[in-house]
Amino acid sequence: MEVESFLFNIVVLSMFVNMTIALYGILMKPSLVKKIIALTIFSDTINTLAIIVGFRHAEPNPIPPVITEIPPSLQHLRLFVLQAVDPLPQALVLTAIVIGLAVVLFLMFVTLQIYRIYGTTDVRKISKLRG
Amino acid sequence: MNRILHTIIMISLILLVIGLAMVLSTGGLGFTVPPSGIRSLAIIFLNTTFNLDAKYRYISAMSPEAVTAIVWDYRGLDTLFETSVMFIAIVGALAISRGATEKLLKSFPSTQGMSLIVRTITRIAIVMILAVGGSIALHGHLTPGGGFQGGATIAVAPMLLIITFSIYLFSKMVTVYKAVTLRSVGLIGIALSAFIVLFVALIHSSSAYIFQNQPKLYSYYGLPSYIEPTVLGGTLFLFNTFETLAVAFGFAALFILFMLPEDAVRNVIMGEE
């Protein structure tokens, strides 16, 4: 159990470190393209963290939590609840991924347009532009 | 000045990691190992996802797949607004690239795309991608999957087609206009599916809730959730189908606009000034 606890904490801690590296990229990298890459790493890490929060340790190794009887009997349903993981984080993450993809595409269009018009994606140069 | 700012940000980020690690070690997530049980909220969701028991009959979503039930039934309005975020993001991208349509391609010589090997393999792969995407989307009320995942899977197909067969050939199959139209059909379908039970109830001169799927207290109308032995999933199936259309063709339109030749788009932008 202690080894499991250690490994689990290492995984979560590595996600925190990953988040921080992504935040560093968003804040400090001058190129807009690199900022977008860091943003995708950040959102993916947050999504994985949300999935980890919904994770459970089922003992012994369970059969997949699928309702096979239609309609399910009460006993079957009780077994299903004992085996399934929390569905709410998964429901939130699955929409977040697709919407994140759409938002990233929008940001890429903005960056592409900035590059086409000003010939640079460096925020230091863009902030000095006038008119 | 820049170096000081850099140092401050570095130190604050390191402090952030240390702080988060301390929160984690003192049980900030609520646990330090994966728990053997689940939250009481999750138990409620799992218990009511498909339950014919009299106690749960009128709060059950009647779908064997709990995630899809949460996405389109328990939290249906939430998902509607998330879809509208995606809608606005795609509309914004289309507005930025206005004037750039596939008509620009006519003024440029067409290219042949990639080699025969790649094209043959892509022809085989496209069929499989579309089949898997359709399967994920249409079985969303039975197995893990649904409109978002199926649509995102199908959206890989236009990407592959554009890269291997070149944008010139692909724009003869699907234009931006057609893709946006089909995406709007999907969004209108989602909007109508939100009201479909209300329409059914109004025909019977009664009333129902918006986003209602199964019979609820004071509103005993709903689409059939299963006819032995087939699970239909009520409105979940409609939502998944239309969401697939909306997601797949929304991304297809954006991919076409992305892949337009740089010179053509640059001419449009510079011509406006």
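Residues numbered from 1 in each chain as written. Chains lettered and ligands numbered in written order. Predicted model: local features only at pLDDT ≥ 70, side-chain atom pairs only at ≥ 80, totals over all residues.

Within an unreviewed UniProt entry, the label attached to chain B reads Sodium:proton antiporter, and the organism entered is Ignisphaera aggregans.

Turning our attention to the overall build of chain A. A tally of regular secondary structure across chain A gives 5 helices and 0 strands. Over its C-alpha atoms, taken along the principal directions, chain A stretches across nearly 70 × 40 × 15 Å. Relative to its 131 residues, chain A shows a buried fraction of 20%. Relative to all contacts within chain A whose residues are 6 or more apart in sequence, the contacts with residues 24 or more apart total 58%. (Helix = DSSP H or I, 4+ residues; strand = E, 2+ residues; numbered from the N terminus. Buried ≥ 20, exposed ≤ 12 C-beta atoms within 10 Å, placed from the backbone. Contact = placed C-beta atoms within 7 Å.)

Before going further, it helps to spend a moment on the interface of chain A and chain B. Contacts between chain A and chain B engage 49 residues on the former and 53 residues on the latter. Going through the elements one at a time, helix 1 (2-28), helix 3 (74-83) and helix 4 (87-118) of chain A are the ones with two or more residues in the side of chain A that touches chain B. A total of 18 residues in the side of chain A that touches chain B trace back to one element, the largest contributor, which is helix 4 of chain A. Classifying every residue of the side of chain A that touches chain B by side-chain character gives 37 nonpolar, 7 polar and 5 charged. (Nonpolar A, V, L, I, M, F, W, Y, C, P; charged D, E, K, R; others polar.)

Here the focus is the domain arrangement of chain B. The domain architecture assigned to chain B consists of domain 1 (1-37) and domain 2 (75-272). Here the C-alpha centroids of domain 1 of chain B and domain 2 of chain B sit 39 Å apart. (Domains from an automatic or database assignment.)

Averaged over chain A, the pLDDT score is 87; the fraction of residues at 70 or greater is 97%. Confidence scores differ between elements of chain A, with helix 3 of chain A showing the lowest mean pLDDT of 84 and helix 2 (residues 32-54) of chain A the highest of 92. (pLDDT = per-residue confidence, 0-100.)

Moving on, we get to helix 1 (residues 2-25) of chain B. In a regular helix each residue adds 1.5 Å, so 24 residues correspond to 34 Å; helix 1 of chain B covers 35 Å between its end C-alpha atoms and thus fits that length. Sparse coverage of helix 1 of chain B is indicated by the burial of 0 of its 24 residues. (Expected span 1.5 Å × (residues − 1).)

Now for the confidence of the model for chain B. This prediction gives chain B a mean pLDDT of 86; 98% of its residues lie at or above 70. Taken element by element, chain B is modelled with least confidence in helix 10 (residues 262-272) of chain B, mean pLDDT 77, and with most confidence in helix 5 (residues 116-138) of chain B, mean pLDDT 94.

A separate point is the UniProt feature "domain: Na+/H+ antiporter MnhB subunit-related protein" (unreviewed entry) in chain B. UniProt records the feature "domain: Na+/H+ antiporter MnhB subunit-related protein" (unreviewed entry) at residues 117-251 of chain B, using the numbering of this structure. The span residues 117-251 of chain B is 69% helical and 3% strand by assignment, and the distance between its end C-alpha atoms comes to 27 Å. (UniProt positions renumbered as here; feature names shortened; annotations may be inferred.)

Within helix 3 (residues 66-74) of chain B, 9 of the 9 residues are buried, which leaves the element mostly enclosed by the surrounding structure. Among all positions in helix 3 of chain B, only Ala66(B), Val67(B), Thr68(B), Ala69(B), Ile70(B), Val71(B), Trp72(B), Asp73(B) and Tyr74(B) are buried.

Residue and element names in this part refer to chain B. In the numbering used here, UniProt assigns the "transmembrane region" (unreviewed entry) feature to residues 7-31, 80-100, 121-142, 148-170, 182-211 and 231-260. Summarising residues 80-100: 81% helix, 0% strand, and an end-to-end C-alpha distance of 30 Å. In residues 182-211, the share of helix is 73% and the share of strand is 0%. The end C-alpha atoms are 23 Å apart.

On to unusual backbone geometry, then. Residues and elements named next belong to chain B. Its identity is not glycine, yet Ser205 carries a phi of approximately 50°, on the positive side. Following the sequence through the fold, Ser205 ends up in the loop between helix 8 (176-203) and strand 1 (226-227). Residues other than glycine seldom take positive phi values, yet Tyr218 does so here, at roughly 70°. Look at Tyr218 and you get exposed, because 10 C-beta atoms sit within 10 Å.

The contact between helix 4 of chain A and helix 3 of chain B brings their axes to 9 Å, and the two run at 60°. Classified by the interaxial angle, the pair formed by helix 4 of chain A and helix 3 of chain B is oblique. The two elements helix 4 of chain A and helix 3 of chain B cross, and the hand of that crossing is right-handed. Along its contact with helix 4 of chain A, which presents Pro87(A), Leu88(A), Gln90(A), Ala91(A), Leu94(A) and Thr95(A), the element helix 3 of chain B presents Ala66(B), Val67(B), Ile70(B) and Val71(B). Along the lines of polarity and charge, the residues of the contact of helix 4 of chain A with helix 3 of chain B split into 8 nonpolar, 2 polar and no charged. (Axes fitted to C-alpha atoms, helices over the stretch in contact; angles between N-to-C directions. Parallel < 35°, antiparallel > 145°, perpendicular 65-115°, else oblique. Left-handed = near helix turned anticlockwise from the far one by under 90°.)

With that settled, the discussion passes to the nonpolar core. By size, the foremost hydrophobic cluster in this structure holds 67 residues, and its most contacted members are Ala102(A), Ile70(B) and Ala252(B). Sort the elements by how many residues they give to this core and helix 9 (residues 235-258) of chain B lands first, with 17 residues. Excluding anything up to four places from it in sequence, Ile70(B) contacts Pro87(A), Leu88(A), Ala91(A), Phe45(B) and Arg75(B). Of all hydrophobic cores here, the second largest spans 5 residues; its members include Val197(B), Ala208(B), Tyr221(B) and Leu223(B). (Core = buried A, V, L, I, M, F, W, Y, C linked by C-beta atoms within 7 Å.)

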